[in-house]
Amino acid sequence: MNASVPVTRAVDHGTAKLMPDIDRERAWLLTVDGAPQSYVDLDDPAHLEFEYARRLGHCLDVVAPAGRALDVLHLGGGALTLPRYLAATRPGSRQRVVEADRALLDLVTEHLPLPAGAGITAHAADARAWLEAAPDGSADVLVADVFGGSRVPAHLASLGYVREAERVLRPDGVYLANLADAAPFAFLRAQLAGLAVAFEELVLIAEPGVLRGRRFGNAVLAAAHRPLDTGALARRTAADAFPARVRHGAALREFIGAARPVERDEDAVPSPEPPDGAFGIG
C-alpha cells in the first residue's frame, strides 16, 4: 500500500476498514464494524501493537529455542499479524492461516501484501472444519484467535474442538488461544477446564484488572503436554507497557475451581458479548 489513505470495504461478516497510523509510516489498523482486529507495521513485522498480540508473541518466543523454524497453524487471520511476526522472528517457518471471511482475506493480501518467501499460506475456510480435516501431529503450534464479530464462536468452545486441536499438535506441541471474558468468568473457566482434559500443562495470561473482575478483557491461554517456561513468560509480560500476570499450577487450578468443560457441541455457547466500548477506538 503506497498511499496512506484509509480503505473501507464490505466483507463477508461486516465492514472492514484499514486505517494508517500517523506515527508509523507503513503501519495499519484493521477494524471490522468498528472493532479493532489487527495492527500491522509492514516495515517492522516484529512490532506487536496490541497487548494480547504481544502476549501471544511472548508465548511464541519461548515455545522453542530462539530462531528455530516451526510448523504453525493459525485459526483466524485478521491482518496476518502473528504470521508476519513469526516469519520475521523464526525464518523458515511453515505457516497455514485459516480465515472464514474470504473477502477480508482478499482485502488484507491486496493492500498489506506478505513479503516474498514468508512461508505463509492463507486459506478461506471455517476453522473447525479445517481443523477436523488436518492431519494428526502436523503442527508444532496451533494459534486460535477466532472472533465472529467480538465473540469466540460456539463451535470453537467445546471439548470436541479441544480434542481436535490436541490431535493436530505434535507430542511436544503447544496450543495458544486468545479469548475475552469478565467476572464471573463462566466462559473462560469452562475453556480452561476443557483444555485440562486434554493437556497436562496450562497457563493463563491476563491483566490484573481483568483477573480481579474489574473489567472485561482479553485472556491468553497456553496448553501443552510439557512444561512451559512460565518464568520467562512472567518476566516478559511484566515488562510490557500494560503488565500482565501469569497463572499456572495450583493458582490456576484454584481459578478454574469447579468449572466443567463443555462436553457436547450442542451445549456450547459463544464467548460473552463485550460491553459497549470495551474494544472500541477513537
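Residues numbered from 1 in each chain as written. Predicted model: local features only at pLDDT ≥ 70, side-chain atom pairs only at ≥ 80, totals over all residues. Heavy atoms only, no water.

(A) Representation of the pattern of salt bridges within the structure. With the rule as written, the count across this model stands at 20 salt bridges. With its nearest N and O atoms 2.5 Å apart, the salt bridge here joins Arg167 to Asp136. Note that Arg167 is positioned in helix α5 (residues 159-168) and Asp136 in the loop between α4 (127-133) and β8 (139-144), a separation of 31 residues in sequence. Arg167 gets classed as partly exposed once you look at its relative accessible area, which sits at 23%. Relative accessible area serves as the criterion here: at 57%, Asp136 is assigned to the exposed category. In the salt-bridge network here, residues are joined through shared partners; they are Glu51, Arg54, Arg55, Glu207, Arg215 and Asp240. (Salt bridge = Lys/Arg side-chain N within 4 Å of Asp/Glu carboxyl O. Helix = DSSP H or I, 4+ residues; strand = E, 2+ residues; numbered from the N terminus. Buried < 20%, exposed > 50% of the residue type's maximum accessible area, 1.4 Å probe, protein only.)

(B) Seen up close, the sheet that holds strand β2 (residues 14-20). The sheet built from four strands is open, its strands ordered β1-β2-β3-β4 with antiparallel pairing. Each of the sheet's edge strands pairs with one partner strand only, and the pair in question is β1 (7-11) and β4 (35-41). Sheet twist, expressed as the mean angle between neighbouring strand axes with direction ignored, is 20 degrees. Pairing between β1 and β2: five bridges, direction antiparallel. Bridged to Ala10 within β2 is Thr15. (Pairing = 2+ DSSP bridges. Axes fitted to C-alpha atoms, helices over the stretch in contact; angles between N-to-C directions.)

(C) Broad picture of α5. Along α5, the positions that sit buried rather than exposed are Leu159, Tyr161, Val162, Glu164, Ala165 and Val168. On its buried face, α5 sits against β5 (71-75), α4, β8, β9 (169-181) and α6 (186-198). (Contact = heavy atoms within 4.5 Å.)

(D) View of the sheet that holds β8. Here we have eight strands laid out as an open sheet, ordered β7-β6-β5-β8-β9-β11-β10-β12, and mixed in their pairing. On the outer flanks of this sheet lie β7 (120-124) and β12 (245-248), each paired with one strand and no other. Here the average twist between neighbouring strands, direction ignored, is 15 degrees. Of the strand pairs in this sheet, strand β6 (residues 94-99) and β7 are connected by five bridges, and their pairing is parallel. Paired with Glu99 across the strands is Ala124, a residue of β7. Running over the sheet, helix α2 (residues 81-89) touches β5, β6, β7 and β8 and is turned about 175 degrees from β6. Strands β10 (201-206) and β12 of the sheet are contacted by helix α8 (residues 230-238), whose axis makes an angle of about 160 degrees with β12.

(E) Inspection of the side chain of Ser93 at higher detail. Of note, Ser93 is situated in the loop between α2 and β6. Looking at Ser93, the relative accessible area reads 3%, which means it is buried. A polar contact of 2.9 Å, which involves the side chain of Ser93, links it to the backbone nitrogen of Leu70. From its side chain, Ser93 meets the backbone oxygen of Arg90 in a polar contact 2.7 Å long. Setting aside anything within four residues of it in sequence, one finds Ser93 in contact with Arg68, Ala69, Leu70, Leu86, Ala118 and Gly119. (Polar contact = N/O pair within 3.5 Å; in protein donor to acceptor, adjacent residues only side chain to side chain.)

(F) Summary view of the nonpolar core. In this structure, Leu75, Leu142, Tyr161, Tyr175, Leu188, Phe199 and Leu204 are the most contacted members of the largest nonpolar core, which totals 44 residues. The element that contributes the greatest number of residues to this core is α6, accounting for seven residues. Setting aside residues up to four positions removed in sequence, Leu142 forms contacts with Leu73, Leu75, Leu131, Tyr161, Ala165, Leu169, Val174, Tyr175 and Leu176. By size, the runner-up hydrophobic cluster in this structure holds 32 residues, among which are Leu56, Leu70, Leu86 and Val141. (Core = buried A, V, L, I, M, F, W, Y, C linked by side-chain atoms within 4.5 Å.)

(G) Examining α6 more closely. Spanning 13 residues, α6 covers 19 Å between terminal C-alpha atoms, matching the ideal 18 Å at 1.5 Å per step. Within α6 the residues assigned to the buried category are Phe187, Leu188, Ala190, Gln191, Leu192, Ala193, Gly194, Leu195 and Ala198. (Expected span 1.5 Å × (residues − 1).)

(H) Representation of the packing of aromatic side chains. Under the definition given, this model contains four aromatic pairs. When the ring of Tyr175 is compared with that of Phe199, the centres are 6.5 Å apart and the planes differ by 20 degrees; the resulting orientation is stacked. Placement of the pair is Tyr175 in strand β9 and Phe199 in the loop between α6 and β10, with a sequence separation of 24 residues. Judged by relative accessible area, Tyr175 falls into the buried class, the value being 5%. The class for Phe199 is buried, based on a relative accessible area of 4%. When the ring of Phe185 is compared with that of Phe255, the centres are 5.4 Å apart and the planes differ by 50 degrees; the resulting orientation is tilted. Of this pair, Phe185 sits in the loop between β9 and α6 while Phe255 sits in helix α9 (residues 249-256), and the two are 70 residues apart along the sequence. Across this residue pair, the class does not change: Phe185 and Phe255 are buried. Above the face of the Phe255 ring, Arg189 is positioned so that its terminal group lies 4.4 Å from the ring centre. (Phe/Tyr/Trp six-rings, centres within 6.5 Å; stacked < 30°, edge-to-face > 60°. Lys NZ or Arg CZ within 6 Å of the ring centre and 35° of its normal.)

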